[in-house]
Amino acid sequence: MKTNSNFSIPRLARFIRFDFMSNLRSYIFRISLIAIIMLLCMILGSIFISGNSFNSGEQYISTISSIASTAFVITIMVSLSLIFEPMKTVGGRINHLMLPASKAEKFVGRLLISTIGIAVAFIMALLVAECVRNVTLLSFGSKYSDVLGFYFPGIMANMADSLNPAFAVVSIHIFNLSAFLLGGALWYNYSFVKTLCVQTILGLFFFIVAGLLSFVVAALLDKLATFDLEFINALYYGIIWAAIAAMWIGAYQLYRHASIINRRFIFKQ
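Small disclaimer: the values here were computed from a predicted structure and weren't measured. (Residues numbered from 1 in each chain as written. Predicted model: local features only at pLDDT ≥ 70, side-chain atom pairs only at ≥ 80, totals over all residues. Heavy atoms only, no water.)

1. Quick word on the overall build of the protein
Inclusion rule: Every helix listed is a DSSP run of H or I at least four residues long, and every strand listed is a run of E at least two residues long, numbered separately from the N terminus. When a residue's accessible area, from a 1.4 Å probe over protein chains only, is under 20% of the maximum for its type it is buried; when over 50% it is exposed; and in between it is partly exposed. The contact rule is simple, with two residues in contact once any of their heavy atoms fall within 4.5 Å. Each accessible area is a Shrake-Rupley estimate made with a 1.4 Å probe; only the visible protein chains count as cover when residues are assessed.
Counting secondary structure elements, the protein contains 10 helices and 0 strands. The secondary structure elements of the protein, listed N-terminal to C-terminal, are α-α-α-α-α-α-α-α-α-α. Buried residues in the protein amount to 33% of all 269 residues. In the protein, of all internal contacts separated by at least 6 residues, the share reaching a separation of at least 24 is 79%. Here the protein displays about 16,100 Å² of accessible surface, and carbon together with sulfur accounts for 74% of that area.

Here it is as structure tokens:
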């Protein structure tokens, strides 16, 4: 089926709605899994924190918000690595590629689902887990009364405060997430594991290279001192953001040229 190459917001909305309804069971399972994991962390946290702090409520908020922040980042990474999961089978590729929407609309639609959609789902799962935690602790009577209470607003506030707006931190996070986006476009199956393995190998390689170069840098330290540090800093971030742009473009190009036929070698699905 030939689709219109022009980008259309109504068609994008229809695609997102169709994707959501088609994969509803999978989305419910994943949201439930997140809620169960967070619920276990919350209940265990309540049990261990109860009675061990002058203000157990504040200690609980601090502990759970830290765990939730880490879980949120991991969830987004996994979600981006699964951005093209509907295409992991031949039948899935046929159904996906034949949908009445352009490649750009499908790419943006899946990207929105894998980022904003999963972020909203994570927050809702956290809310449900906090409500169930209180009901569960109430069944124990007054034993854990010092950690009973609806602390969801405090957890969300702490998570928001922990966000570091520093340009360096944001750049590294976006670089890391972009790598999983590219991995999701390269591999439809086990993309998270494959991307993580590649990241680890490349990380070790650059660590070794950086270690070897450190001797050269130490020998040329006096000469390097004459360099403009602002220029070096700008060059570093220029490389980072150029790599980010390359990964986004690469991911889109891989998706745009996707076909029903399996890929070969390491890209085989």
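2. Here's the deal with the packing of aromatic side chains
As a reminder, the rule being used: When two rings of Phe, Tyr or Trp (its six-membered ring) have centres within 6.5 Å they constitute a pair, described as stacked for plane angles under 30 degrees, edge-to-face for angles over 60, and tilted for the intermediate range.
One pass over the structure, following the stated rule, counts 13 aromatic pairs. Ring geometry for Y60 versus Y151: centroids 5.6 Å apart, planes at 50 degrees, classification tilted. Of this pair, Y60 sits in helix α3 (residues 56-81) while Y151 sits in the loop between α5 (103-138) and α6 (152-162); the two residues are 91 residues apart in sequence, bridging distant segments of the chain. Between F84 and Y255, the ring centres sit 4.5 Å apart and the planes meet at 5 degrees, which makes this aromatic pair stacked. Placement of F84 in the loop between α3 and α4 (90-97) and of Y255 in helix α10 (residues 229-256) is noted, with a sequence separation of 171 residues between them. The exposure class of Y255 is buried, given its relative accessible area of 1%.

3. Some remarks on the environment of M38
With respect to the helices and strands, M38 occurs in helix α2 (residues 24-49). It is 8.4 Å that separates the C-alpha atoms of M38 and E130, two residues lying 92 residues apart in sequence. M38 has contacts with I64, I67, A68, A71, L126 and A129, leaving out every residue within four places of it along the chain.

4. A short note on the packing of α3 against α5
Definition in use: Convention adopted: a line fitted to C-alpha atoms gives each axis, helices being fitted over their contacting stretch, and angles between N-to-C directions are expressed from 0 to 180 degrees. Small angles under 35 degrees read as roughly parallel and large ones over 145 as roughly antiparallel, with 65 to 115 read as roughly perpendicular and the rest as oblique. If you view the pair so one helix is near and one far, a crossing is left-handed when the near helix is turned anticlockwise from the far one by less than a right angle, and right-handed when it is turned clockwise.
Running from amino to carboxyl end, α3 crosses α5 at an angle of 150 degrees, the nearest separation of the two axes being 10 Å. Judged on the interaxial angle alone, α5 and α3 are roughly antiparallel. Handedness of the crossing formed by α3 with α5: right-handed. In this structure, α3 contributes Y60, A68, A71, F72, T75, I76, S79 and L80 to the contact, and α5 contributes L111, S114, T115, I118, A119, F122, L126, E130 and R133.

5. A short note on the pattern of salt bridges
Applied cut-off: For salt bridges, the criterion is a side-chain nitrogen of Lys or Arg within 4 Å of an Asp or Glu carboxyl oxygen.
Taken as a whole, this structure holds 5 salt bridges when the rule is applied. Among the salt bridges present, the one from D19 reaches R110, with a minimum N-O distance of 2.9 Å. With D19 in helix α1 (residues 9-22) and R110 in helix α5, the pair connects residues that are 91 residues apart, well separated along the chain. Taken individually, D19 and R110 each receive the classification buried, so the pair is uniform in this respect. Across the salt bridge formed by E85 and R30, the nearest N and O atoms sit 2.6 Å from each other.

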